[in-house]
Amino acid sequence: MTVSARVSNEFQIPKSMKAWVLGGPEELSMVEKPVPEPGPAEVLVRIDAVAICATDLEVISHGMPAMIEGELPFNKGFTPGHEYMGTVVKLGPTVDEFQLGDRIAVEIHAGCGRCPRCREGMYTSCLNYGFHSRGHRANGFSTDGGFAEYAVNHVNTMVHVPNEMSDEEATLIVTAGTAMYGLDVLGGVIAGEGVVVIGPGPIGLMGVGVAKALGAQPVILTGTRDRRLEMGKRLGADFVVNVNQEDAVAAVRRITGGKGVQYVLECSGAPNALNEAARMVNRGGRICLAAFPHEAVSVDLAYIVRNNIYVFGIRGEGKSATHRAAALMTQRKFDAKLIHTHTFGLSDLPEALRYARDRVEDAIKVVVKTGSA
Ligand SMILES: [Zn+2]
Ligand SMILES: [Zn+2]
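Now for a look at the structure at hand. Worth saying up front: this structure is predicted, and the values here are computed from it rather than measured. (Residues numbered from 1 in each chain as written. Chains lettered and ligands numbered in written order. Predicted model: local features only at pLDDT ≥ 70, side-chain atom pairs only at ≥ 80, totals over all residues. Heavy atoms only, no water.)

As a further point, take the sheet that holds strand β11 (residues 219–223). Strand order in the open sheet made by the six strands is β12-β11-β10-β13-β14-β15, with parallel pairing throughout. On the outer flanks of this sheet lie β12 (239–242) and β15 (310–313), each paired with one strand and no other. Averaged over all adjacent pairs, the angle separating strand axes in this sheet is 15°, with direction ignored. (Pairing = 2+ DSSP bridges. Helix = DSSP H or I, 4+ residues; strand = E, 2+ residues; numbered from the N terminus. Axes fitted to C-alpha atoms, helices over the stretch in contact; angles between N-to-C directions.)

Here it is as structure tokens:
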């Protein structure tokens, strides 16, 4: 088939689409925007569903970590939203990795492909982050994202979604991918290691499912909300600890017979979380920070140094973690859709954001369906 034959297709693609754009902080409005055109190695995705992430709320309120040509993303016609899935409806020149009609989920960071970090495969740490003019693309952060009817994606940011998986569940692949990135390639978790996940938010809960699927033992989840801890059990946690009832460090020591665990995935952002995590791991243990407090915090560095503890932060879902998360979800290794709690239409985005921000009805993952399917 020639490229031109493949590009002419059965999907009716309008010239313009509905898209939410960010004005000033907290100012979202729905506008008509031109449907973007995929370039070489890119496709046009009809967005079928997009999940709301805490980082979207951050971007809409404060701008960062979104960045358009090195500046805050306000009043630039920028469309946020990054945890989406959809259908491939148009192929850019040279694309043969995907076919028209393929259902796909996305990872966020395409990287620039030209900086040393991207060449190392560390594209979530791209040195050209925020500069589309230098080839960088991270939809919903430095290029237009998923609170719209269509988006352009580089082929390196997409993963196939099996037919049996619902749109809503497929939006969670990228969330599970973030947990996966923290645990496997970057964290080096191997079967039989003990893992504590602090904080049963979406990434923490997916972290439980991924850690269990990777063979971690035991998997311990700590938090304050019993309903979420119960959900953690259903996702594979061997033990849950309500820190309002028992000191988290003491509980981990009790469960592990005083030994502690090899690994902590910190997803709470609580000010004392790093100090607690350091006392949950044993000597030489590793701590991955997937959340952070807004203020500077005091850390007992001497304890970390004396005990040879490794601490690192993660950004996003690098090293193709989204593909590995999709593989585990396709194999039904854990039931990601448990964390999907609410669904809204695209025009109800402000209400959907409110549910996510205020945790209305104990919302965990709020999904917006575009309804164009
Ligand atoms: Zn996110
Ligand atoms: Zn780069």
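Taken as a whole and assessed by the stated rule, the structure comprises 23 salt bridges. Asp144 is the partner of Lys33 in a salt bridge, and the nearest nitrogen-oxygen pair spans 2.8 Å. Of this pair, Lys33 sits in strand β2 (residues 28–34) while Asp144 sits in the loop between β7 (137–138) and β8 (150–154); the two residues are 111 residues apart in sequence, bridging distant segments of the chain. Residue classification places Lys33 among the buried residues on the basis of a relative accessible area of 12%. Taking the relative accessible area as the measure of exposure, Asp144 reaches 35% and is therefore partly exposed. Salt-bridge contacts for Arg228 lead to Asp362; the nearest nitrogen and oxygen are separated by 3.7 Å. In this pair, Arg228 is assigned in helix α7 (residues 226–234) and Asp362 in the loop between α12 (349–358) and β17 (365–369), connecting sequence segments 134 residues apart. Since its relative accessible area comes to 5%, Arg228 is described here as buried. Here the salt bridges do not stand alone but share partners, grouping Arg103, Asp167, Glu168 and Lys369 into one network. (Salt bridge = Lys/Arg side-chain N within 4 Å of Asp/Glu carboxyl O. Buried < 20%, exposed > 50% of the residue type's maximum accessible area, 1.4 Å probe, protein only.)

In this model, the second largest pocket occupies a volume close to 190 Å³. What lines the second largest pocket is a set of 13 residues, and nearest its centre among them are Met17, Lys33, Pro36, Asp144 and Val152. Elements with a contribution of two residues or more to the lining of the second largest pocket: β2 and β8. At three residues, β8 tops the list of elements feeding residues into the lining of the second largest pocket. Residue composition of the lining of the second largest pocket, grouped by class: seven nonpolar, three polar and three charged. (1 Å grid on protein atoms, 1.4 Å probe; cavity = no way out; pocket = protein on both sides within 12 Å on 5 of 7 lines; lining within 4 Å. Points joined across faces, edges and corners; volume = space filled by probe spheres on them. Nonpolar A, V, L, I, M, F, W, Y, C, P; charged D, E, K, R; others polar.)

Protein-derived ligands of the zinc ion (ligand 2) are Cys112 (SG), Cys115 (SG), Cys118 (SG) and Cys126 (SG), with the metal-ligand distances lying across 2.3 to 2.4 Å. One way to put it: the four donor atoms around the zinc ion (ligand 2) meet at angles of 101 to 116°, and that makes the site tetrahedral. Judged by relative accessible area, Cys112 falls into the buried class, the value being 13%. For Cys126, a relative accessible area of 6% gives the class buried. (Donors = N, O, S within 2.8 Å, 3.2 Å for Na, K, Ca; no water. Tetrahedral: all angles 85-135°; square planar, octahedral: opposite > 155°, others 65-115°.)

Under the definition given, this model contains one aromatic pair. Centroid distance Phe344 to Tyr355: 5.0 Å. Interplanar angle 65°. Geometry classified as edge-to-face. In this pair, Phe344 is assigned in strand β16 (residues 340–345) and Tyr355 in helix α12, connecting sequence segments eleven residues apart. When its relative accessible area of 12% is taken as the criterion, Tyr355 is described as buried. Taking the ring centre of Tyr303 as reference, the NZ or CZ of Arg279 above it sits at 4.0 Å. A cation sits over an aromatic face here: Arg315 above Phe141, 5.4 Å from the ring centre. (Phe/Tyr/Trp six-rings, centres within 6.5 Å; stacked < 30°, edge-to-face > 60°. Lys NZ or Arg CZ within 6 Å of the ring centre and 35° of its normal.)

Okay, the coordination of the zinc ion (ligand 1) next. Protein coordination of the zinc ion (ligand 1) is provided by Cys53 (SG), His82 (NE2) and Glu83 (OE), with donor distances spanning 2.1 to 2.3 Å. Along the chain, the residues donating to the zinc ion (ligand 1) fall in the pattern C-x28-H-E. Note that Cys53 is positioned in the loop between β3 (42–51) and α2 (54–62) and His82 in the loop between α2 and β4 (83–91), a separation of 29 residues in sequence. A residue is classified by how much of its surface remains accessible, and Cys53, at 10% relative accessible area, is buried. Using a relative accessible area of 2% as the deciding quantity, one classes His82 as buried.

Taken across its ten residues, β3 has ten buried, putting it largely inside the fold. Direction of pairing for β3 relative to β8: antiparallel, over a ladder of five bridges. Pairing of Glu42 across the sheet is with His154, part of β8.

Right, let's get into helix α9 (residues 273–280). Burial runs high along α9: six of the eight residues are buried. For α9, the complete set of buried residues consists of Ala273, Leu274, Asn275, Ala277, Ala278 and Met280. Those residues of α9 hidden inside the fold are in contact with β10 (195–198), α8 (248–255), β13 (261–266), β14 (281–289), α10 (301–306) and β15. (Contact = heavy atoms within 4.5 Å.)

What follows concerns the environment of Gly371. Relative to the elements of secondary structure, Gly371 occurs in the segment after β17. Residue Gly371 is classed as exposed on the basis of its relative accessible area, which comes to 66%. In the structure, Gly371 is positioned 324 residues away from Ile47 in sequence and 9.1 Å away in space, judged by C-alpha atoms.

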